[in-house]
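Analysis of the macromolecular model
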Amino acid sequence: MTIKTLLTAAALVAAPLSAWADCSYHNEAKMTCAAGSEYDSATGTCKVVSG
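Because the structure is predicted, anything quoted here is derived from the model rather than measured.

Next up on the list: the overall build of the protein. Looking only at helices and strands, the protein has one helix and two strands in total. Reading the protein from its N terminus to its C terminus gives the helix and strand order α-β-β. Relative to its 51 residues, the protein shows a buried fraction of 4%. Element-wise, carbon and sulfur atoms account for 63% of the exposed surface of the protein, whose accessible area totals about 4,700 Å².

Another point: the pairing of strand β1 (residues 37–40). The two faces of a sheet get side chains in turn, since along a regular strand they alternate between them. Here β1 runs beside strand β2 (residues 45–48); their pairing, made up of four bridges, is antiparallel. Residue pairing in the sheet places Glu38 in a bridge with Lys47 of β2. Once β1 ends, the chain turns through four residues before running back antiparallel as β2, passing Gly44 with a positive phi of about 75°.

Its place among the elements puts Ser50 in the segment after β2. In this structure Ser50 comes out as exposed when scored by relative accessible area, which is 68%.

Once that is clear, we can look at the side chain of Ser37. Structurally, the position occupied by Ser37 is in strand β1. Looking at Ser37, its side chain comes within polar contact range of the main-chain oxygen of Ala34, at 2.8 Å. Apart from the residues lying within four places of it in its own chain, the contact partners of Ser37 are Cys46, Lys47, Val48 and Val49.

Basis of the calculations
- Residues numbered from 1 in each chain as written.
- Predicted model: local features only at pLDDT ≥ 70, side-chain atom pairs only at ≥ 80, totals over all residues.
- Heavy atoms only, no water.
- Helix = DSSP H or I, 4+ residues; strand = E, 2+ residues; numbered from the N terminus.
- Buried < 20%, exposed > 50% of the residue type's maximum accessible area, 1.4 Å probe, protein only.
- Areas by Shrake-Rupley, 256 points an atom, 1.4 Å probe, with all protein chains shown as cover.
- Pairing = 2+ DSSP bridges.
- Polar contact = N/O pair within 3.5 Å; in protein donor to acceptor, adjacent residues only side chain to side chain.
- Contact = heavy atoms within 4.5 Å.

This is the structure in structure tokens:
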């Protein structure tokens, strides 16, 4: 194998790994609810806040 082949193979392995590592800390999406409501993580929906 030539050095170019080895470098190409290393780049093809490293690219997806670096993309995965960059986004691995995201656990959940942020959600914004309308005025007068708040996010309920148990149901995954916005609930109206009373009083």
